[in-house]
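Residues per chain are reported as follows:
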Amino acid sequence: MRMLLSLPLAVSLCAFAAAPVQAQSYRQILQAQIDAVDGSLRDRGYRPDPGAFPSDFIAGFLEEGASVGLELTLQAGQAYVVVGVCDADCSDLDLAVLDDSGNVLVEDELTDDVPVLEFNGPPSGVAMLLVTMYDCSVEPCGFAYKVYRR
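On a predicted model such as this, the values are computed, not experimentally measured, just so you know.

Attention now goes to the overall build of the protein. Per the secondary structure count, the protein includes 2 helices and 10 strands. Each of the 150 residues in the protein was classed as buried or not, and the buried ones make up 45%. Considering only contacts within the protein whose residues lie at least 6 apart along the sequence, 80% involve residues at least 24 apart.

Structure representation (structure tokens):
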């Protein structure tokens, strides 16, 4: 059963600053996975987008079958890539970007743990990133995503 979390709950899931030491190790694992794709994106002219959110990347935990929607502030027409990763207990993480009307702009529904979305920012500049944890063997599973812009 899929479940969409409310924004306040999503924010609490993503708040690693006050999380236990175990969460810090998850954050390091997720950071290493994002770093693994960072170079190839930079080679293609993409750079981390500091305007999408204030930190280097967003991370949190989700139960299997749960989803969370997180607002993205984008520039209309700009080229973006969003990369998602999850911990060793996750084998399927999906991402989708929706415009402000709820229309899907792009989605990755492959059975993999590193979804990648490449798209142009919507005309309004406002979008929602929907993160869905489809397969998690030891719940909750850690996930992270990072937004790049060219």
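Glancing now at the nonpolar core. Counting 26 residues, the largest nonpolar core has L129, V131, M133, F143 and Y145 as its most contacted members. When residues of this core are traced back to their parent elements, those giving at least two are β3 (58–62), β4 (66–73), β5 (79–86), β6 (90–99), β8 (116–120), β9 (126–136) and β10 (141–149). Residue contributions to this core peak at 5 residues, all from β9. Aside from chain neighbours lying at most four places away, what touches M133 is L62, E63, E64, G65, A66, C86, C90, D92, L93, C141, G142 and F143. With 12 residues, the next largest nonpolar core counts A79, V81, V83 and Y148 among its residues.

Let's shift gears to the pairing of β5. In terms of burial, β5 is a largely internal element, 8 of the 8 residues being buried. The side-chain alternation of β5 yields two buried faces, one formed by A79, V81, V83 and V85 and the other by Y80, V82, G84 and C86. With 5 bridges connecting them, β5 and β8 associate as antiparallel partners. Bridge assignment links V83 to a residue of β8, and that residue is V116. Across 7 bridges, β5 lies against β10 in antiparallel orientation. Note on β10: the bridge partner recorded for V83 is K146.

Next up on the list: the pairing of β6. In terms of residue burial, β6 counts as a mostly covered element, since 9 of its 10 residues are buried. Relative to β9, β6 runs antiparallel, the two being bridged by 9 bridges. Counted as the bridge partner of D94 is T132 from β9. Where β6 lies against strand β7 (residues 104–108), 4 bridges are found, and the strand directions are antiparallel. Opposite A96, over in β7, you have E107 as the bridge partner. Hairpin connection, β6 to β7: the antiparallel pair is bridged by 4 residues, and G102 has positive phi, about 90°.

Relative to the helices and strands, V114 is located in the loop between β7 and β8. Residues V114 and I34, spaced 80 residues apart in sequence, show a C-alpha to C-alpha distance of 9.1 Å. Residue contacts for V114: discarding those within four places in its chain leaves V83, G84 and V85.

Turning to the pattern of salt bridges, a few remarks are in order. The full count for this structure, using the stated rule, is 4 salt bridges. In this structure, D38 and K146 form a salt bridge, with 3.9 Å as the shortest nitrogen-oxygen distance. Within this pair, whereas D38 is found in helix α2 (residues 21–43), its partner K146 is found in strand β10, the two being separated by 108 residues in sequence. Each member of the pair, D38 as well as K146, is classed as buried.

Quick notes on the rules
- Residues numbered from 1 in each chain as written.
- Predicted model: local features only at pLDDT ≥ 70, side-chain atom pairs only at ≥ 80, totals over all residues.
- Heavy atoms only, no water.
- Helix = DSSP H or I, 4+ residues; strand = E, 2+ residues; numbered from the N terminus.
- Buried < 20%, exposed > 50% of the residue type's maximum accessible area, 1.4 Å probe, protein only.
- Contact = heavy atoms within 4.5 Å.
- Core = buried A, V, L, I, M, F, W, Y, C linked by side-chain atoms within 4.5 Å.
- Pairing = 2+ DSSP bridges.
- Salt bridge = Lys/Arg side-chain N within 4 Å of Asp/Glu carboxyl O.

Taken by themselves, the reported measurements are silent on function.
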